[in-house]
Amino acid sequence: YMPKICVITGDGIGKEVVPETLRVLNEVHDFEYIEAHAGYECFKRCGESIPESTIQTAKNSDSILFGSVTTPKPTELKNKPYRSPILTLRQELDLYANIRPTYNFKDLDFVIIRENTECLYVKREYYDEINEVAIAERIISKKGSERIIKFAFEYARLNNRKKVSCIHKANVLRVTDGLFLEIFEKIAKLYENFGISSNDYLIDATAMYLIKNPYMFDVMVTTNLFGDILSDEAAGLIGGLGMSPSANIGDNLGLFEPVHGSAPDIAGKGISNPIATILSASMMLDHLKMNKKAEIIRNAVKKTINNGYLTPDLGGSLKTSEVVNKVIEFIRDE
Ligand code: NAI
Ligand code: MG
């Protein structure tokens, strides 16, 4: 069957890495691509960072492939309202699970599963004029915690992972993270039968362990802000943002995007690293239950990297399209 893919290239290098990734996808399957617009350039063109039509196209597709968008500076906006396209899509499509794998095609291989809708990102911030304090509410719900923790254990089960670690700060945040940890322990018990073990670590210790011994992790599940920070730290272990894919998953739909932004410093030069987006597309294939095809792409990427066909961010001298040509050659060699 021909899945419908909503393609949002966005701004900057998004317009380079996404079309290059479609060349790779076309090697393994026929898709129907529907282009939709979002981002700062879209805003400048049509007055909206994410038009309603884009949200509808996304809702009516089987998956969304997203490049990257530029966030304008407040001075550029002159008080015009600006919605973050990616946050809007996460909310509108209820993409509650953010999956960030970290692997280096050699020995390191773990996954961070981050809750994507709650915590401090509900943006309930206000300034108390009388007491002169800025306050932010941190929301951790029972339902939100249950679904992300279940998601993490199901992910472990389906991907033959052996351990799920809960990352939290329940020693200080007794109510919010206390709830998250309590639910984690309950759900963990149910998965012992599947041979999946569990444990928990404090967020601060985890930040240190990730540098000292990242091999100790398998699947991590955590709340929104901790997950945001840890997953960027993890990207630093494997050669940076050009290598880091991600998925935002809801009960039906998935949105797949590289972790990096629009990289204005290198946009237009044809030297952006396409690997993060190609690996994100392979996660899309997994989500569409085309696991073999996903694996073919990952294998080709592995050979491309291990044979030294690299863009400048990884110390190489190849252009984006030349790296993609190599990936395609390795796919055809399979
Ligand atoms: P960035 O990820 O765009 O770039 C950070 C550094 O990494 C730059 O030196 C860039 O050249 C390099 N880099 C990133 N991706 C690369 C790739 N594929 N190949 C080679 N080098 C790569 O983050 P930055 O500079 O903080 O933000 C730039 C813009 O992107 C901002 O407007 C920011 O708001 C936006 N942004 C958007 C995101 C998204 O669309 N999900 C995520 C992060 C930032
Ligand atoms: Mg981030």
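Residues numbered from 1 in each chain as written. Chains lettered and ligands numbered in written order. Predicted model: local features only at pLDDT ≥ 70, side-chain atom pairs only at ≥ 80, totals over all residues.

In plain terms, the rule: UniProt positions are given in the numbering used here, feature names are shortened, and annotations may be inferred rather than shown by experiment.
The name recorded for the chain in an unreviewed UniProt entry is Isopropylmalate/isohomocitrate dehydrogenase, from Methanococcus vannielii. The record in UniProt for the chain states the following under Sequence similarities (unreviewed entry): "Belongs to the isocitrate and isopropylmalate dehydrogenases family." Its UniProt record, at the heading Cofactor (unreviewed entry), says of the chain: "Mg(2+)".

## So, the overall build of the chain
Cut-off, in case you're wondering: Counting from the N terminus, the helices are DSSP H or I runs at least four residues long and the strands are E runs at least two residues long. Two things to know: the radius of gyration comes from C-alpha atoms, and the globule rule equals 2.2 Å times the number of residues to the power 0.38. As a rule, residues whose C-beta atom has 12 or fewer other C-beta atoms within 10 Å are exposed, those with 20 or more are buried, and those in between are partly exposed; C-beta atoms are placed from the backbone. What counts as a contact is two residues whose backbone-derived C-beta atoms lie within 7 Å of each other.
Within the chain one finds 12 helices and 12 strands. Expected size for 334 residues packed as a compact globule is a radius of gyration near 20 Å; at 20 Å, the chain falls within 12% of this value. Taken along the three principal axes of its C-alpha coordinates, the chain extends 55 × 55 × 40 Å. Expressed as a percentage of the 334 residues in the chain, the buried residues total 44%. Intrachain contacts of the chain at a sequence separation of at least 6 include 73% that bridge at least 24 residues.

## Some remarks on the pairing of strand β1 (residues 4-10)
Basically, it comes down to this: Seen with its strands pointing away from the viewer, a crossover is right-handed if its path from the first strand over the helix to the second goes clockwise. The criterion for strand pairing is that DSSP finds at least two bridges linking the strands in question.
Extensive coverage of β1 is indicated by the burial of six of its seven residues. Traced from β1 through helix α1 (residues 14-28) to strand β2 (residues 32-35), the parallel crossover comes out right-handed. Relative to strand β3 (residues 63-68), β1 is paired through five bridges, and the arrangement is parallel. Residue pairing across strands places Val7 opposite Leu65, the latter belonging to β3.

## Some remarks on the domain arrangement of the chain
Keep this limit in mind: An automatic or database domain assignment supplies the residue ranges for each domain. In this classification, Asp, Glu, Lys and Arg are treated as charged, Ala, Val, Leu, Ile, Met, Phe, Trp, Tyr, Cys and Pro as nonpolar, and every other residue, Gly included, as polar.
Its domain assignment divides the chain into domain 1 (1-95 + 244-334) and domain 2 (105-238). In this structure, domain 1 and domain 2 have C-alpha centres spaced 25 Å apart. The interface is formed by eight residues belonging to domain 1 together with five residues belonging to domain 2. In terms of residue count, helix α11 (residues 291-306) provides more of the side of domain 1 that touches domain 2 than any other element does, three residues in total. Residue classes in the side of domain 1 that touches domain 2 are distributed as three nonpolar, three polar and two charged.

## Points about the packing of helix α10 (residues 275-287) against α11
Note the threshold: Only the stretch in contact is used when a helix axis is fitted, and all axes are lines through C-alpha atoms; the angle between N-to-C directions ranges over 0 to 180 degrees. Should an angle fall under 35 degrees it is taken as roughly parallel, and over 145 as roughly antiparallel, whereas 65 to 115 is taken as roughly perpendicular and any remaining angle as oblique. The hand of a helix crossing depends on one turn: near helix anticlockwise from the far one by less than a right angle means left-handed, and clockwise means right-handed.
Their axes nearest at 7 Å, the elements α10 and α11 cross at an angle of 160°. With respect to each other, α10 and α11 are oriented roughly antiparallel. Crossing hand, α10 versus α11: left-handed. Of the residues in α11, those touching α10 at Ile275, Ile278, Leu279, Ala281, Ser282, Leu285 and Asp286 are Asn291, Lys293, Ala294, Ile297, Arg298 and Val301. Tallied by class, residues from the contact of α10 with α11 come to eight nonpolar, two polar and three charged.

## Points about the nonpolar core
Note the following rule: Residues enter a nonpolar core if they are buried, belong to Ala, Val, Leu, Ile, Met, Phe, Trp, Tyr or Cys, and are joined to the set through C-beta atoms within 7 Å.
In this structure, Ile64, Leu65, Ile113, Ala152, Val221, Phe256 and Ala281 are the most contacted members of the largest nonpolar core, which totals 86 residues. Examining the composition of this core, we find that eight residues originate from one element, α10, more than from any other. Viewed by domain, this core spans two of them, domain 1 (1-95 + 244-334) and domain 2 (105-238), each represented by three or more residues. If near-sequence neighbours (up to four positions away) are discounted, Ala152 is found in contact with Ile113, Val164, Val219 and Val221.

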